[in-house]
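Each chain, written out:
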Amino acid sequence: MKNVWKGLAVGAVVGAAVGMVNDGLASAGQKSAELGQMAMRNAEDAAGRAKAKVADAEVGDKIREVATKAQERLEEVAHDLSETVGR
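Residues numbered from 1 in each chain as written. Predicted model: local features only at pLDDT ≥ 70, side-chain atom pairs only at ≥ 80, totals over all residues. Heavy atoms only, no water.

**Quick word on the overall build of the protein chain**
Here comes step 1: Scanning the protein chain from terminus to terminus reveals two helices and zero strands.
Here comes step 2: Burial analysis of the protein chain (87 residues in total) assigns 8% to the buried set.
Here comes step 3: Only carbon and sulfur atoms are counted for the fraction: they give 62% of the accessible area of the protein chain, which is about 6900 Å². (Helix = DSSP H or I, 4+ residues; strand = E, 2+ residues; numbered from the N terminus. Buried < 20%, exposed > 50% of the residue type's maximum accessible area, 1.4 Å probe, protein only. Areas by Shrake-Rupley, 256 points an atom, 1.4 Å probe, with all protein chains shown as cover.)

Below, the structure written as C-alpha cells:
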C-alpha cells in the first residue's frame with residue numbers, strides 16, 4: 001500500500017503541472033489573438049492617416065510615390081494580419 005500512495009502523490013503533482021501548462025498555453029493563444037486584432041486596427045488607422053497627410057502635403061513627386069507605396073504596404077500587412085487572426 002505504500003507504493004500506491006506514492007503513485008497517487010506523483011500523479012497528482014504531474015497532473016497539476018500539465019494542467020497549469022495547458023492553461024498557460026490557452027491564455028497565451030487568446031492574448032496573441034487579441035494583440036493581432038489590435039495591431040490590425042491600428043495598422044488600418046495608420047494607413048488612413050498617412051494617406052490623408054500625403055494628400056494634404058505639398059511634396060515632391062518622389063516623396064509622394066514613396067509615401068503611397070508605404071501606405072499600400074501598410075494596407076497589405078493589415079489585410080494579411082486580418083486573415084491570420086481570422087483563422
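Still more ground to cover, so stick around.
**Digging into a nonpolar patch on the surface**
Here comes step 1: Residues Val4, Trp5 and Leu8 make up a contiguous nonpolar surface patch of roughly 340 Å² in combined accessible area.
Here comes step 2: Along the polypeptide, valine 4 turns up in helix H1 (residues 2–56). (Patch = residues over 30% accessible without salt bridge, like charges linked within 9 Å, V, L, I, M, F, W, Y side chains within 5 Å. Salt bridge = Lys/Arg side-chain N within 4 Å of Asp/Glu carboxyl O.)

**Some points on the environment of glutamine 71**
Here comes step 1: The topology assignment puts glutamine 71 in helix H2 (residues 61–86).
Here comes step 2: Sequence-wise, glutamine 71 and alanine 46 are 25 residues apart; in three dimensions their C-alpha atoms are separated by 8.4 Å.
Here comes step 3: Apart from residues no more than four positions distant in its own chain, glutamine 71 is found in contact with Ala47 and Lys51. (Contact = heavy atoms within 4.5 Å.)

**What about the pattern of salt bridges?**
Pairing between side chains of opposite charge can happen when the charged atoms of each approach one another.
Here comes step 1: Scanning the model with the defined rule gives two salt bridges in all.
Here comes step 2: Across the pair lysine 69 and glutamate 65 runs a salt bridge whose closest N-O atoms are separated by 3.3 Å. Of the two residues, lysine 69 and glutamate 65 are both situated in helix H2; the distance of four residues between them amounts to about one turn of the helix.
Here comes step 3: Glutamate 76 is paired through a salt bridge with arginine 73; the nearest N and O atoms lie 3.2 Å apart. Of this pair, glutamate 76 and arginine 73 both sit in helix H2, three residues apart, which is roughly one turn of the helix.
Here comes step 4: Here glutamate 76 falls in the partly exposed class, since its relative accessible area comes to 42%.
Here comes step 5: Owing to a relative accessible area of 46%, arginine 73 belongs among the partly exposed residues under this scheme.

**Focus on a negative patch on the surface**
Here comes step 1: Together, Glu44, Asp45, Glu72 and Glu75 make up a negatively charged patch on the protein surface.
Here comes step 2: Among the secondary structure elements, those contributing two or more residues to the negative patch are H1 and H2.
Here comes step 3: With respect to the helices and strands, glutamate 75 occurs in helix H2.
Here comes step 4: On the basis of relative accessible area, glutamate 75 is assigned to the partly exposed category, the value being 41%. (Lys, Arg positive; Asp, Glu negative; His and termini not counted. Charge placed at Lys NZ, Arg CZ, Asp CG, Glu CD.)

**Describing the environment of alanine 50**
Here comes step 1: Checked against the element boundaries, alanine 50 lands in helix H1.
Here comes step 2: With a relative accessible area of 28%, alanine 50 lands in the partly exposed category.
Here comes step 3: Taking C-alpha positions, alanine 50 is 9.7 Å from leucine 74, a pair spaced 24 residues apart along the chain.

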